[in-house]
Amino acid sequence: MIELFLIGIGAGNPRHLTLQAIAAMAALDLVLIPRKGVEKDDLAALRRAICAEHLPEGVRVVEFDLPRRDAGDPDYRHGVDAWHDAIAAVWAREMARELPAGGRVGFLVWGDPALYDSTLRIAGRLGRARPVTTRVIPGITAIAALTSGHAIPLNTIGAPFTVTTGRRLREGGWPAGAETLVVMLDGECAFRSLAPEGVSIWWSAYAGMAEEIRLSGPLAAVGAEIVAARAAARARHGWIMDIYLLRREGD
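Structure report, in brief. Keep in mind that this is a model prediction, so the values were computed, not measured. (Residues numbered from 1 in each chain as written. Predicted model: local features only at pLDDT ≥ 70, side-chain atom pairs only at ≥ 80, totals over all residues. Heavy atoms only, no water.)

**Observations regarding the overall build of the chain**
And step 1. Secondary structure summary: the chain contains seven helices and 10 strands in total.
And step 2. Against the 2.2 N^0.38 benchmark of 18 Å for 251 residues, the chain shows a C-alpha radius of gyration of 19 Å, consistent with a compact globule.
And step 3. Overall, the C-alpha framework of the chain stretches about 60 × 40 × 40 Å when taken along its three principal axes.
And step 4. For the chain, contacts bridging at least 24 residues in sequence account for 72% of all contacts bridging at least 6.
And step 5. Summed over all atoms, the accessible surface of the chain reaches about 12200 Å², with 53% contributed by carbon and sulfur.
And step 6. For the chain, the distance from the average position of its 28 positive side-chain charges to the average position of its 29 negative side-chain charges is 3 Å. (Helix = DSSP H or I, 4+ residues; strand = E, 2+ residues; numbered from the N terminus. Rg over C-alpha atoms; globule rule 2.2 N^0.38 Å. Contact = heavy atoms within 4.5 Å. Areas by Shrake-Rupley, 256 points an atom, 1.4 Å probe, with all protein chains shown as cover. Lys, Arg positive; Asp, Glu negative; His and termini not counted. Charge placed at Lys NZ, Arg CZ, Asp CG, Glu CD.)

**Here's the deal with the packing of aromatic side chains**
And step 1. As enumerated under the stated definition, the model contains four aromatic pairs in all.
And step 2. Centroid distance F191 to Y244: 5.2 Å. Interplanar angle 85°. Geometry classified as edge-to-face. Separated by 53 residues along the polypeptide, F191 in the loop between β7 (180–184) and β8 (199–205) and Y244 in strand β10 (residues 242–248) bring together distant segments of the chain.
And step 3. When its relative accessible area of 1% is taken as the criterion, Y244 is described as buried. (Phe/Tyr/Trp six-rings, centres within 6.5 Å; stacked < 30°, edge-to-face > 60°. Buried < 20%, exposed > 50% of the residue type's maximum accessible area, 1.4 Å probe, protein only.)

**Focus on the pairing of strand β3 (residues 60–65)**
And step 1. Bridge analysis of strand β2 (residues 30–35) against β3 gives six bridges, and the strand direction is parallel. The residue of β3 that forms the bridge with R35 is D65. (Pairing = 2+ DSSP bridges.)

**Considering the nonpolar core**
And step 1. Ranked by size, the top nonpolar core spans 45 residues in total, and within it I7, Y244 and L246 carry the most contacts.
And step 2. When residues of this core are assigned to their parent elements, the largest contribution, five residues, is made by helix α2 (residues 41–54).
And step 3. Beyond its immediate stretch of four places on either side in the chain, I7 contacts A21, A24, M25, L28, F107, L108, V109 and I137.
And step 4. In this structure, F64, I87, V105 and F107 belong to the second largest nonpolar core, which totals 20 residues. (Core = buried A, V, L, I, M, F, W, Y, C linked by side-chain atoms within 4.5 Å.)

**Quick notes on unusual backbone geometry**
Backbone phi values are negative for most residues with the exception of glycine, while trans is the configuration of most peptide bonds.
And step 1. In the Ramachandran plot, A151 falls in the positive-phi region, its phi being about 55° despite a non-glycine side chain.
And step 2. For A151, the location among the structural elements is in the loop between α5 (142–150) and β6 (162–165).
And step 3. Although it is not a glycine, L185 sits at a positive phi angle of roughly 55°.
And step 4. Mapping L185 onto the fold places it in the loop between β7 and β8.

**Points about the environment of R48**
And step 1. Locating R48 in the fold gives a position in helix α2.
And step 2. The exposure class assigned to R48 is partly exposed, which follows from its relative accessible area of 29%.
And step 3. For R48 and I33, which are 15 residues apart along the polypeptide, the C-alpha to C-alpha distance reads 8.0 Å.
And step 4. Ignoring any residue separated from it by four or fewer positions in sequence, one finds R48 in contact with I33, R35, D41 and E63.

**Quick word on the pattern of salt bridges**
Should the charged atoms of two oppositely charged side chains come close, the side chains can pair.
And step 1. Under the definition given, this model contains 16 salt bridges.
And step 2. The residue E53 makes a salt bridge to R15 at a minimum N-O spacing of 2.9 Å. Note that E53 is positioned in helix α2 and R15 in the loop between β1 (2–8) and α1 (19–26), a separation of 38 residues in sequence.
And step 3. The exposure class of E53 is partly exposed, given its relative accessible area of 47%.
And step 4. We classify R15 as exposed; its relative accessible area is 57%.
And step 5. Three or more residues joined by partner-sharing salt bridges are found here, namely R35, D41, R48, E63 and D65. (Salt bridge = Lys/Arg side-chain N within 4 Å of Asp/Glu carboxyl O.)

See below:
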């Protein structure tokens, strides 16, 4: 039997790690760290640093290369499903090799495993070949890092908010009835597709990390600045994670 722990580690700040996460790590037999290529080695480096600080002796750390998604697949959902199948196969291979008799294995998941992260869906594929039980340790989300960094409330008084992706915002526009939007997974600055009048934006890149960049203001005034800052940061680091909140005036 494999006991799989998906441990949320927050949005990039090692101090985001909770006491519950630290306790779960101490009970593991193995931590698996995915490598996403040289351009994203900062992500693996943070996980290595967390392990070096918090893992007791005897807990092994093994790294593996993460399969890449076929970005050329015209069917987005099919491409993602195939990618997840490939990742699950690699997980299963590593677990079989490192824990042939079973044991406790953990993944350190950026942010929270429940929010725009595929780790739980990939874990669901593992039980096809070997009994697996899954436990989730929640983490500080990128949304929390965004709003705390800008010192703003997520919602207005008694009002809902919508969390969406850059692709959906670009293709569908501002969701009907939404007052506040939080946009994640946006590689193309989808806010440029909106009429900017009356909209304010709060944008963070590398939220919670030492490299964090924050810009905010009326979308019409700061939109172009955000696009330029994002491009420069990506060129400098080789990768970028960013998130932003949009709110219409009067909401």
